[in-house]
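# Structural features, examined
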Amino acid sequence: MRPKRRQKLYLSLGLIALAAIAVGLTLYALRSNINLFFSPVQIAAGDAPFERQIRAGGMVKEGTVARDPESLDVEFMVTDYVDDLEVRYSGILPDLFREGQGVVVVGELQPEGWLRADQVLARHDENYMPPEVAQALEEAGYSPEDYQAKAAEVGARMDAKQQGASQ
Amino acid sequence: MGKIWSFIHKLGSPKWFYGISARLMPWFWTAAVILLLAGSVWGLVFAPQDYQQGNSFRIIYVHVPAAFLAQSIFVSMAVAGLIFMVWKIKVADMAAAMMAPLGASMTFIALFSGAVWGVPTWGTWWMWDARLTSMLILLFLYLGVIALRGAFSSRDSGSRAASVLAMVGVINIPIIKYSVDWWYTLHQPATFSVTSRPAMPVEMWAPLLIMVLGFYCFFIAVTLMRTRSEILRRESNKRWVRELAGDQG
């Protein structure tokens, strides 16, 4: 490689490296602001501000969803399996909302420690499976949160069975 | 190894690139059409529904390939920019210029299909989460590269400015990729990874893989085609182009 080109190559790579360091440091400094939500542990530790709009995220705890039959009011606990956060919400929940499902709730944290939600968003995970597989899992006695872990495994078993049958 | 190097060297010659791309292009077009047709029919009609999301899950067959391509095209553009800056290979710059609008469209498709998908699953079409925001920044980077190239009266200055922006902007790509691992986001982690089995059964991921391959073939075919016409445009006063035009006209 000619010296001039080598110099240009180093200059270009150096430019990229410098920019990467600058961006990396900025993101590192802003890391807590980039997180979309506080987890119940962080809220229990007092990291989240009161009476300002915040977002909290976690799983809807099994058996804690209490709907008011007269209105759209609903109460549930959001958990990260260490701490729990009580959430009260009035409105329409997304289709994917259910016990054991990941959610992000937007609202204000009250001094008593519960959260008044203005908006409830459902998170979903990277696992997908056909309804028949989900039903088979349920019949085999797995609870919803086992679905995800088992999904890949069952998928693999089904693939193997299909391959075995076709051979 | 020597053979590969001489192939890469020859690619730098506009005339040689024009010749070889004419032979390669039909293969990529054919592959793209077959894969995209097969993948969409399989994915949109025959693949099973998701147990939670039902049919809206099928957006994955457009969303994921578009997002893959949006990022891959930016990386290709940055590599082409580096080759142009260091080795002064003009074909690399032409290819980079031709890739940018396609990359911007793919980024838009990924963002738009994600928003449409977000309404039924998340309950919102937009959230300032790290994955969505970094993808929006990618769209702005594409638009910036396109605008910067056109903002100079001399083509060479425009090319150099666009190359530098593409090279620096490539830092955004690992941020997009790892945003879902580094921070809490609304967006779920990656469905596909090189190291582990996809988190879905084969009848769901096989059409997705076909769609991804189809999108890549489409990208290569379009880039070859557009670079060929850009070569003719920029080299229009070269003898070989005149001879070519004379032969046909």
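Just so it is clear, the structure is predicted and the values come from calculations on it, not from any experiment.

What follows is about the side chain of B:S113. All names here are of chain B. Looking at where S113 falls in the secondary structure, it is placed in helix 4 (residues 90-121). Take S113: its relative accessible area is 9%, and that puts it in the buried class. Within the local environment of S113, its side chain forms a polar contact with the side chain of H63, the two groups lying 3.0 Å apart. Apart from the residues lying within four places of it in its own chain, the contact partners of S113 are I59 and H63.

As a further point, take the UniProt feature "transmembrane region" (unreviewed entry) in chain A. Residues annotated in UniProt with the feature "transmembrane region" (unreviewed entry) correspond here to residues 9-30 of chain A. Span residues 9-30 of chain A is 95% helix and 0% strand, its end C-alpha atoms 32 Å apart.

This paragraph deals with the nonpolar core. Side chains of nonpolar character tend, in soluble globular proteins, to be buried together. By size, the foremost hydrophobic cluster in this structure holds 62 residues, and its most contacted members are B:I60 and B:M77. Looking at this core, the elements with two or more residues in it are helix 1 (3-29) of chain A together with helix 3 (60-87), helix 4, helix 5 (130-150), helix 6 (155-169), helix 7 (172-182) and helix 8 (202-234) of chain B. Excluding its chain neighbours within four sequence positions, the residues that come into contact with B:M77 are B:A96, B:M99, B:A100, B:Y142, B:V145 and B:A166. Membership of the second largest hydrophobic core comes to 19 residues, among which are A:A56, A:V60, A:F76 and A:L109.

This brings us to helix 2 (residues 14-46) of chain B. Residue and element names in this part refer to chain B. Over its 33 residues, helix 2 extends 44 Å from the first C-alpha to the last, a length consistent with the 48 Å expected when each residue adds 1.5 Å. At A22, helix 2 shows its largest kink, close to 35°, and the proline P26 lies no more than four residues downstream. Taken together, the buried positions of helix 2 are occupied by P14, F17, Y18, I20, S21, M25, A32, G39 and G43.

Turning next to the environment of B:V145. Residues and elements named next belong to chain B. Assignment of secondary structure puts V145 in helix 5. With a relative accessible area of 3%, V145 lands in the buried category. Put simply, V145 and S163 are 18 residues apart on the chain and 8.0 Å apart in space, counted from C-alpha to C-alpha.

Residue and element names in this part refer to chain B. Evaluated as defined, the whole model comprises nine salt bridges over all chains. D93 is the salt-bridge partner of R234, the closest N and O atoms lying 3.2 Å from each other. In this pair, R234 sits in helix 8 while D93 sits in helix 4, placing the two residues 141 residues apart along the sequence. One exposure class covers both R234 and D93, and it is buried. The residue E243 makes a salt bridge to R239 at a minimum N-O spacing of 3.2 Å. Residue E243 and its partner R239 are located together in helix 9 (residues 239-248), separated by four residues, close to a single helical turn. Classification of R239 as exposed rests on a relative accessible area of 66%. The network of salt bridges with common partners includes D93, R149, E230, R233 and R234.

Moving on to the interface of chain B and chain A. Each side of the interface is counted separately: chain B has 45 residues, and chain A has 47 residues. Contact between chain B and chain A buries roughly 4,100 Å² in total, counting both sides, with carbon and sulfur atoms accounting for 64%. Among the residues chain B hides against chain A, the three largest losses belong to B:Y51, B:Q52 and B:Y184. Together they make up 19% of the total. Counting across the chain B and chain A interface gives four residue pairs in polar contact (both at pLDDT 80 or more). Counting residues per element, the ones that place at least two in the side of chain B that touches chain A are helix 3, helix 4, helix 6, helix 7 and helix 8 of chain B. The leading source of residues in the side of chain B that touches chain A is helix 3 of chain B, at five residues.

What counts and what doesn't
Residues numbered from 1 in each chain as written. Chains lettered and ligands numbered in written order. Predicted model: local features only at pLDDT ≥ 70, side-chain atom pairs only at ≥ 80, totals over all residues. Heavy atoms only, no water. Helix = DSSP H or I, 4+ residues; strand = E, 2+ residues; numbered from the N terminus. Buried < 20%, exposed > 50% of the residue type's maximum accessible area, 1.4 Å probe, protein only. Polar contact = N/O pair within 3.5 Å; in protein donor to acceptor, adjacent residues only side chain to side chain. Contact = heavy atoms within 4.5 Å. UniProt positions renumbered as here; feature names shortened; annotations may be inferred. Core = buried A, V, L, I, M, F, W, Y, C linked by side-chain atoms within 4.5 Å. Expected span 1.5 Å × (residues − 1). Bend = angle between axes of the 7 residues up to and from the residue. Salt bridge = Lys/Arg side-chain N within 4 Å of Asp/Glu carboxyl O. Buried area = accessible area lost by both parts, 1.4 Å probe.

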